[in-house]
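In case you want the letters, here they are:
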Amino acid sequence: ALASAKDTRTFAVNHFYGNGPLVEGRMDPLVSPGAASGHVHTIQGGSNFALTLGDTTLLQSTCTSSLVKDDKSDYWTPKLYFQDPTNYSFISVPMFYMNVYYFFEATDDVIKAFEPGHRMLIGDPTLRTPPATGGVSITDTNAGTPQPVQWTCPRSNTDVPTYPPNSDGLHGVGIGDPNNKAAGVGFPDQNCDGFASPLRADIHFPSCYHPAAGLDNYKQNMQFPSSKGTTGGKQNCPPGWVHTPHIFYEVYWNTPLFKDLWTPGQGKQPFVLANGDPTGYSLHADFISGWNPATLQQIIDNCNAGDAGMDKCPGLMGGLNDPSTSCNIKSAIPEVIGDVLDKLPGNNPVTGWGVTAAPPAAPSGPAASSSPAAPQATPTVPASKGSSSAGSTPPVAPPAVPSVPASKGSPSAASPASSDPAAPADPRNMTTSAASSPSGATTSAASPSSSGTSAPNGMAPGWKSIGCYSDIRYERVLSGITFADLGNGKVTSTGCVAYCDGKGFRLAGTEFGGQCFCGNALVNSTLQPDSSCDMKCEGDASQICGGGLTLSVYSKNGIPRRHRRSNARVHAH
């Protein structure tokens, strides 16, 4: 066990896999059990998600979109839409990807696993005004009234503030966090175009459970811990309460799709949550535990995998799901939620800034939606450079190096391939398709003059370039270490080689300007033209770091080792 588990924070990220989220629809078994919920949610987790859930229902799920097999919990947030400024129609914003961080805080308490059926809800769907505490994030009751939800907007150019410095949060744009220039409360009025990092919802859940309230009482069964009276930054729960993991949602939305349809920096923005909120203050999230408690307790007691993910926890009980497969279900409320809509599903009006919304009306069925009842569909977009086919979705794939709050440590993830978050053709002209194929990476980087086969100066002894090789999204051809953490914006080919060499691998590869992979064999990879590896390294523009789904590969002995998988498959995300 981790001897320092109570003295310092440890954590592990829960990663998801497959063809998009588990499901999207007007389903919320916490707030609206047995009926259509007031607005659309995006859900990840166990396949038994339904309009009504018992405490152990999720444990019987036949699959889960979590990589960890024994996590059949469900995690959900409101869906995001783009409201066209010219005709006020609504266009579905695809979820980029989602991570759930499990933090095990420094504490004098014993941290215990969630029991099956543990329900939590954080955030207020009726809010349209900023919190009295401003833009800061507060998760320690000793520091003030908890403020657990924020928006983060990574950007390629931060010369202009993410939020106007004088914003009062009541007139079209939110309020910035004085401690984090990329974050704040309410929506920002800038285009969030950071490398593989579009607009992100950040949501903290409390970690003190009150057994007297019960697992089902999501309104009263949880509160945030306090550092009052402790030392060393520890946070404790009240006597008689149970300290559970502190879970934190990161939900990225593919907002760069719409960058050409609005003008940033004008004190207003076009995105709206599915409940009709144009402010972002009503951001909220739900959770129902479907964990095998023994597996989660093992992770709490023994794993500090950090950003590498729970799937890297030593001796993980229950095993992992095959990331080349997908776990998806149909919505229990059959209606169009991903097309161009005249009204939001559930007929939610867009309510103004500074005006508290009325509580949700009684849940309505599909007939209340402005769109005819039909199976859910996903927008398709034209193929761009490097894409595998036209009509694939979305133009931006889940990123490899997400931007994370400084408190969590260095950015890193074992997520699928990233691509340039550049917008495609006008999303208003999108058609819908019930099935979609994988989208290849796109790139807007200028092509450097040097080729992908040139070994840069300073290479580790014995290492040589062996050329430009194809990669496969979701089934990496170098799988010993994927998305090695060399530091955000610091990836170079020489640095990647040194890292892989130090870890005992004989092959190293860099991709998309800022990704590093290690292995001992190239699996299902083929040699590509040098021109396919044409992206400058983020950490040194004089070096080449692959391209879109292509690797600049280096070998310790100069001889490529290639193998074939007998069951290799590529699936869309």
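Cut-off values and rules
Residues numbered from 1 in each chain as written. Predicted model: local features only at pLDDT ≥ 70, side-chain atom pairs only at ≥ 80, totals over all residues. Heavy atoms only, no water. Helix = DSSP H or I, 4+ residues; strand = E, 2+ residues; numbered from the N terminus. Buried < 20%, exposed > 50% of the residue type's maximum accessible area, 1.4 Å probe, protein only. Areas by Shrake-Rupley, 256 points an atom, 1.4 Å probe, with all protein chains shown as cover. Disulfide = S-S within 2.5 Å. Pairing = 2+ DSSP bridges. Phe/Tyr/Trp six-rings, centres within 6.5 Å; stacked < 30°, edge-to-face > 60°. Axes fitted to C-alpha atoms, helices over the stretch in contact; angles between N-to-C directions.

Colleague: Hey, could you go over the overall build of the chain for me, with residue numbers and the actual values?
Modeller: Counting secondary structure elements, the chain contains two helices and 30 strands. Looking at the chain as a whole, 58% of its 573 residues qualify as buried. For the chain, the exposed surface amounts to about 21,000 Å²; the carbon and sulfur share of it is 52%.

Colleague: Any details on the state of the cysteines? Residues and values, ideally.
Modeller: Inspection of the entire model under this criterion finds eight disulfides. There is a disulfide in this structure between C63 and C327, and the S-S distance comes to 2.0 Å. Taking the sign of the torsion about the S-S bond as the criterion, the disulfide between C63 and C327, at about 70 degrees, is right-handed. Of this pair, C63 sits in the loop between β3 (41–45) and β4 (74–78) while C327 sits in the loop between α1 (293–302) and β19 (340–341), and the two are 264 residues apart along the sequence. For C63, a relative accessible area of 23% translates into the label partly exposed. Looking at C327, the relative accessible area reads 1%, which means it is buried.

Colleague: Go over the pairing of β3, please, and point to the residues and values.
Modeller: Along a regular strand, successive side chains alternate from one face of the sheet to the other. β3 sits mainly inside the fold: five of its five residues count as buried. Along β3, one buried face is formed by H41, I43 and G45 and the opposite face, lined by T42 and Q44, is buried too. Of the strand pairs in this sheet, strand β2 (residues 23–25) and β3 are connected by three bridges, and their pairing is antiparallel. Within β3, the position partnered with G25 by the bridge is H41. Relative to β4, β3 is paired through five bridges, and the arrangement is antiparallel. Looking at the pairing, Q44 lines up with Y75 of β4.

Colleague: Can you break down the packing of aromatic side chains residue by residue, with the values?
Modeller: Tallying each qualifying case throughout the model produces 23 aromatic pairs. Each ring, one from Y75 and one from Y249, has its centre 5.7 Å from the other, and the planes form 70 degrees; the classification is edge-to-face. Of this pair, Y75 sits in strand β4 while Y249 sits in strand β16 (residues 246–253), and the two are 174 residues apart along the sequence. With relative accessibility at 0%, the residue Y75 sits in the buried group.

Colleague: Explain the sheet that holds strand β12 (residues 200–204) to me, and be specific about the residues and the numbers.
Modeller: In spatial order, the strands read β1-β7-β16-β12-β9-β11-β10; together these seven strands make up an open sheet with antiparallel pairing. Taken across any chain shown, the strands that pair with only one partner, and hence form the sheet edges, are β1 (10–15) and β10 (175–177). Here the average twist between neighbouring strands, direction ignored, is 30 degrees. Two strands pair when backbone bridges link them, and β10 and strand β11 (residues 180–185) are joined in this way by three bridges, in the antiparallel orientation.

Colleague: How would you explain the pairing of strand β9 (residues 149–152) if you had to name every residue and give the values?
Modeller: Burial along β9 is two-sided: the face carrying V149 and W151 and the face carrying Q150 and T152 are both buried. Bridge analysis of β9 against β12 gives four bridges, and the strand direction is antiparallel. Within β12, the position partnered with T152 by the bridge is R200. Strand direction decides the pairing type here: β9 and β11, joined by two bridges, are antiparallel. Counted as the bridge partner of W151 is G184 from β11.

So far we have only geometry, and geometry alone does not tell us how the molecule works.
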